[in-house]
Amino acid sequence: MDLWLDTDPGFDDWMAWLLMESVPGWRLHGVSVVAGNAPLETTLGNALRIKSLHGLATPVYAGCDRPLAQPQVTAQDVLGIDGMASTGRRLDVPPAAVSAGHGVTALIDAVRANPGRITLLAVGPLTNVATAFLLAPDLPGLLKSLVIMGGSTVGGNATAAAEFNIHADPEAAAQVFGSGTTVRMFGLNICKQLRVGDAHVQRLRAAGSDEAGVMGDYLDGYVDIGRRQGRTAQSLYDPTPVIYLAHPGRFELRMGRVDIELSGRHTRGMTVCDLRGPALARANAMVAMEATRGPELVDWAMERLAARLAR
Ligand code: RIB
Ligand code: CA
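Below you will find a few notes about this structure.

### Examining the packing of helix H10 (residues 198-205) against helix H13 (residues 294-309)
Closest axis-to-axis distance for the H10/H13 pair is 9 Å, and the angle between their directions is 25 degrees. Taken together, the axes of H10 and H13 lie roughly parallel to each other. In the packing of H10 onto H13, the handedness of the crossing is right-handed. Here His200, Arg203 and Leu204 of H10 lie close against H13, whose contacting residues are Val298, Asp299, Met302, Glu303, Leu305, Ala306 and Leu309. Split into classes, the residues belonging to the contact of H10 with H13 amount to six nonpolar, one polar and three charged.

### Examining the site of ligand 1
Around ligand 1, a shell composed of Asp8, Asp12, Asp13, Asn37, Val123, Met149, Asn157, Glu163, Phe164, Asn165, Tyr237 and Asp238 is seen. Asp8 is positioned such that a nitrogen or oxygen atom in its side chain is 3.1 Å from an oxygen atom of ligand 1. The backbone of Val123 places a nitrogen or oxygen atom 2.9 Å from an oxygen atom of ligand 1. Isolated, ligand 1 exposes 280 Å² of accessible area, and the fraction of that covered by the protein chains is 95%. Taken together, the elements giving at least two residues each to the shell around ligand 1 come down to helix H1 (11-20) and helix H7 (164-167). In terms of residue class, the shell around ligand 1 is built from four nonpolar, three polar and five charged.

### Observations regarding the state of the cysteines
Scanning the entire structure with this criterion turns up zero disulfides. Lacking any disulfide linkage, Cys191 is separated from the closest cysteine sulfur, that of Cys273, by 13 Å. With a relative accessible area of 0%, Cys191 lands in the buried category.

### Some points on unusual backbone geometry
The phi torsion at Arg293 lies on the positive side, around 50 degrees, for a residue other than glycine. Tracing the backbone shows Arg293 in the loop between strand S11 (285-291) and H13.

### Points about the coordination of the calcium ion (ligand 2)
At the metal site, the calcium ion (ligand 2) is ligated by Asp8 (OD), Asp13 (OD), Asp13 (OD), Val123 (O) and Asp238 (OD), and these contacts range over 2.3 to 2.7 Å. Mapping the donors of the calcium ion (ligand 2) onto the primary sequence yields the spacing D-x4-D-x109-V-x114-D. You can see Asp13 sitting in helix H1 and its partner Val123 sitting in the loop between strand S4 (118-122) and helix H5 (127-135), a full 110 residues away along the chain.

### A few points about the packing of H1 against helix H2 (residues 40-54)
Contact geometry for H1 and H2: axes closest at 11 Å, N-to-C directions at 40 degrees. If you check the angle between H1 and H2, you find them oblique. The crossing of H1 and H2 is right-handed. Here Trp14, Trp17 and Leu18 of H1 lie close against H2, whose contacting residues are Ala47, Ile50, Lys51, Leu53 and His54. Looking at the contact of H1 with H2 residue by residue, the classes come out as six nonpolar, one polar and one charged.

Conventions we followed
Residues numbered from 1 in each chain as written. Chains lettered and ligands numbered in written order. Predicted model: local features only at pLDDT ≥ 70, side-chain atom pairs only at ≥ 80, totals over all residues. Heavy atoms only, no water. Axes fitted to C-alpha atoms, helices over the stretch in contact; angles between N-to-C directions. Helix = DSSP H or I, 4+ residues; strand = E, 2+ residues; numbered from the N terminus. Parallel < 35°, antiparallel > 145°, perpendicular 65-115°, else oblique. Left-handed = near helix turned anticlockwise from the far one by under 90°. Contact = heavy atoms within 4.5 Å. Nonpolar A, V, L, I, M, F, W, Y, C, P; charged D, E, K, R; others polar. Near = heavy atom within 4 Å. Polar contact = N/O pair within 3.5 Å; in protein donor to acceptor, adjacent residues only side chain to side chain. Areas by Shrake-Rupley, 256 points an atom, 1.4 Å probe, with all protein chains shown as cover. Disulfide = S-S within 2.5 Å. Buried < 20%, exposed > 50% of the residue type's maximum accessible area, 1.4 Å probe, protein only. Donors = N, O, S within 2.8 Å, 3.2 Å for Na, K, Ca; no water.

Quick look at the structure:
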């Protein structure tokens, strides 16, 4: 499987990325970084340190540093200044070199060089993807598929109505869902069915390497987001669509119409998901609704990461 990742690291982004690098037969052509969890300078720095920590060969490009049409918002109030929920731990490795060229241009070039073959996974605000579609109107038709972590059928996390990745750039999301390509949408509703907790932190640390220790500490910080809200486990956001790509038969996706609310005073950034029959005529998305035995899928992901990180 040929892939491209667009991301705003973000610890769950980190898990998703390393998982993509750890599935036999998968080829990650590039990583484009976008502003989101934190400003681009920070998300890019996180990505280049992740690349360095794991010795990854995949090129990392700097993408868009601001939303299309609104002031920038971040998740630093929840995730901390580094956007990584790191409870003070620093990713103390020198950053790898960023690859030359803009992330949007690199994405366009990679898809055009591999027509019909690349699955684009976007797990941050959709600014880079929307900009690529605006610059290259042929791009949506050249993708094998477009899969996102974003949106929700059950209310938001950034606001009562909006999930963060959509909330951070609603105009970009509207561009992408209006592009004519089918969006495979993994929203908060499906991510709530795959959760990580203390046992997964211990599993990762038990892999034994320094890398595993660092990642285990960050996973503990990520799980702490849930603990601080009275939960013993935290939704596994960005890795969920990666798990789907490895186990498509374990997920039920429903065809429907997804529109992005842009003008609602209380609902801006909401993914309005119409899954009723008549919507099929205007369908632009496959919305992930159910995972079969979600905990087993989380265990699969943790085992793959632990094997990658083993001493
Ligand atoms: O709402 C969850 C999403 O927002 C995830 O992609 C997380 O990394 C943040 O970007
Ligand atoms: Ca993300």
